[in-house]
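Each chain, letter by letter, is given below.
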Amino acid sequence: MQRRSRGIHQGLLLLFFQIMQVGITNIPPVTLACIGLNIWLFLNPLKPSNWLCLSVESCYKGKDWQRLLLSPFHHADDWHLYFNMVSMLWKGLTLERRLGSIWFAYIIAVFSMLTGVVYLALEYTVAELLDQPAFKLYCAIGFSGVLFALKVLNNSYNPGGHTNVMGMYIPNKYACWVELVMIHLLSPNASFAGHLAGIIVGLMYTLGPLKRIMEACAGIFSFNTHYPRQQYYFNNTGYGGYQEDVFDRQPYQDVPRNYDIYTAGLTEEEQLERALRNSLRDRVGVNSGPPPYGFSLPPEDEMRRQRLNRFDRH
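Residues numbered from 1 in each chain as written. Predicted model: local features only at pLDDT ≥ 70, side-chain atom pairs only at ≥ 80, totals over all residues. Heavy atoms only, no water.

For the protein chain, the name recorded in an unreviewed UniProt entry is Rhomboid-related protein 4, with Phascolarctos cinereus as its organism. Recorded in UniProt under Catalytic activity (unreviewed entry), the annotation for the protein chain is "Cleaves type-1 transmembrane domains using a catalytic dyad composed of serine and histidine that are contributed by different transmembrane domains." (UniProt positions renumbered as here; feature names shortened; annotations may be inferred.)

Put into structure tokens, the structure is as follows:
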């Protein structure tokens, strides 16, 4: 095992500070494990970088296919590690909370392998089309491709939103493409094909057949859709706990749930009315003065009766 030379890794120190700011106990388990694995392999790399990076020459001709497994989890330097792991931290907080730890781990494993395969296919295709064998020698290393795939997945859950890309607010459906170009312009040494491979894998999952294939494989290996997931909730100190739920996929509708413990048996409209009533009561207090905001609410029984009358008329 090749250990890193002793010295001050500023990027690594800043990453630890960022993790402490969020709080280790507030980071979902798969996200924390992934970050921990990348840090460990940065400090204790299995091989030198040139024996780990991914290229057509090394994999296809050299038959060194283990690079598909190893290259995503190794980084060239501490700043490379810092930027990738901070990005992983925030994506993991969002996606693992939404998808559940088991499915999120499954996605990380598949995306890590498939991004490397797509990268090799892109480099080989460009080399053949342009008759430029040098593309087969280009070597990529790091988690960036997987992060671009996760970015596509994360943005797909909020298609109408916008993302801040270097000070510009870009619609989510274009954010990955803009970021791809911006990174290539600002950092020409970054692997354009590696990042593009991540976007393609993300689109294969959100728009293509990849998700269905993964679900089918999960069923074969008894990785069924009725596994509970950990759904983290956010409080003043961060993600402070979890409640049981199922994967964010269609079969979850068949699982009976008892929402009465959270809603006291009220509908969403009734919950909104009660919340508004409590808010107004807190503001008015016990005084009999004029109601705030220029209106008042009738008694609760009267509101319920009026609502039932509206339904009867329809």
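Draft legend 1. Up close: helix α1 (residues 10–22). Its 13 residues place the ends of α1 19 Å apart at the C-alpha level, agreeing with the 18 Å of an ideal helix rising 1.5 Å per residue. Inspection of α1 places G11, L12, L15, I19 and V22 among the buried residues, and these make up the whole buried set. Around the axis of α1, the buried residues are gathered within 100 degrees of arc, so they sit on the same side. Counted as exposed and oriented over 90 degrees from the buried face of α1: Q10, L13 and Q21. Just downstream of α1, G23 is the residue with a positive phi angle, here 100 degrees. (Helix = DSSP H or I, 4+ residues; strand = E, 2+ residues; numbered from the N terminus. Expected span 1.5 Å × (residues − 1). Buried < 20%, exposed > 50% of the residue type's maximum accessible area, 1.4 Å probe, protein only. Arc of directions from axis to C-beta.)

Draft legend 2. Spatial organisation of helix α8 (residues 172–186). Relative to the 21 Å expected for 15 residues at 1.5 Å per residue, α8 spans 21 Å between its end C-alpha atoms, a close match to the ideal helical length. Residues of α8 that are buried: N172, A175, C176, E179, L180 and I183. On the buried face of α8, the contacting elements are α7 (144–156), β1 (162–165), β2 (168–171) and α9 (192–206). (Contact = heavy atoms within 4.5 Å.)

Draft legend 3. The arrangement of unusual backbone geometry in detail. One non-glycine residue, K63, lies in positive phi territory at about 55 degrees. Within the secondary structure layout, K63 lies in the loop between α3 (56–61) and α4 (67–70).

Draft legend 4. View of the pattern of salt bridges. A complete count under the given rule lists 4 salt bridges for this structure. With its nearest N and O atoms 2.7 Å apart, the salt bridge here joins K136 to E128. (Salt bridge = Lys/Arg side-chain N within 4 Å of Asp/Glu carboxyl O.)

Draft legend 5. Structural view of the packing of helix α5 (residues 78–99) against α7. Relative orientation of the contacting elements α5 and α7 amounts to 35 degrees, with a least axis distance of 10 Å. Remark: the crossing between α5 and α7 carries left-handed chirality. Contact residues: α5 offers H80, N84, S87, M88, K91, T94, L95 and L99, while α7 offers S144, L147, L150, K151, L153 and N154. (Axes fitted to C-alpha atoms, helices over the stretch in contact; angles between N-to-C directions. Left-handed = near helix turned anticlockwise from the far one by under 90°.)

Draft legend 6. Region of interest: the pairing of β1. Going residue by residue along β1, you find T163 and V165 tucked away on one face and H162 and N164 left uncovered on the opposite face. Both β1 and β2 contribute to a ladder of 4 bridges, which runs antiparallel. Looking at β2, one finds that H162 is bridged to P171. Two successive antiparallel strands, β1 and β2, enclose a turn made up of 2 residues, where M166 displays a positive phi of approximately 55 degrees. (Pairing = 2+ DSSP bridges.)

Draft legend 7. Up close: the UniProt feature "transmembrane region" (unreviewed entry) in the protein chain. As annotated in UniProt, the feature "transmembrane region" (unreviewed entry) corresponds to residues 12–42, 103–122, 134–153 and 190–207 in the numbering used here. What you have in residues 103–122 is 100% helix and 0% strand, and the ends, taken at the C-alpha atoms, are 28 Å apart. The span residues 190–207 carries 83% helix and 0% strand; its end-to-end C-alpha distance comes to 26 Å.

Draft legend 8. Layout of the packing of aromatic side chains. Taken as a whole, this structure holds 8 aromatic pairs when the rule is applied. Measuring from centroid to centroid gives 5.6 Å for F73 and F143, while their planes differ by 45 degrees, and the two rings are tilted. Of this pair, F73 sits in the loop between α4 and α5 while F143 is found in the loop between α6 (101–130) and α7, placing the two residues 70 residues apart along the sequence. For the pair shown, F73 and F143 are each scored as buried. Measuring from ring centre to ring centre gives 5.1 Å for Y82 and F83, while their planes differ by 65 degrees; the resulting arrangement is edge-to-face. By relative accessible area, which is 12% here, Y82 ends up buried. With a relative accessible area of 54%, F83 lands in the exposed category. Within the aromatic cluster, the residues linked to one another by ring pairs are W79, Y82 and F83. Directly above the aromatic system of Y60 lies the positively charged group of K63, at a separation of 5.4 Å from the ring centroid. (Phe/Tyr/Trp six-rings, centres within 6.5 Å; stacked < 30°, edge-to-face > 60°. Lys NZ or Arg CZ within 6 Å of the ring centre and 35° of its normal.)

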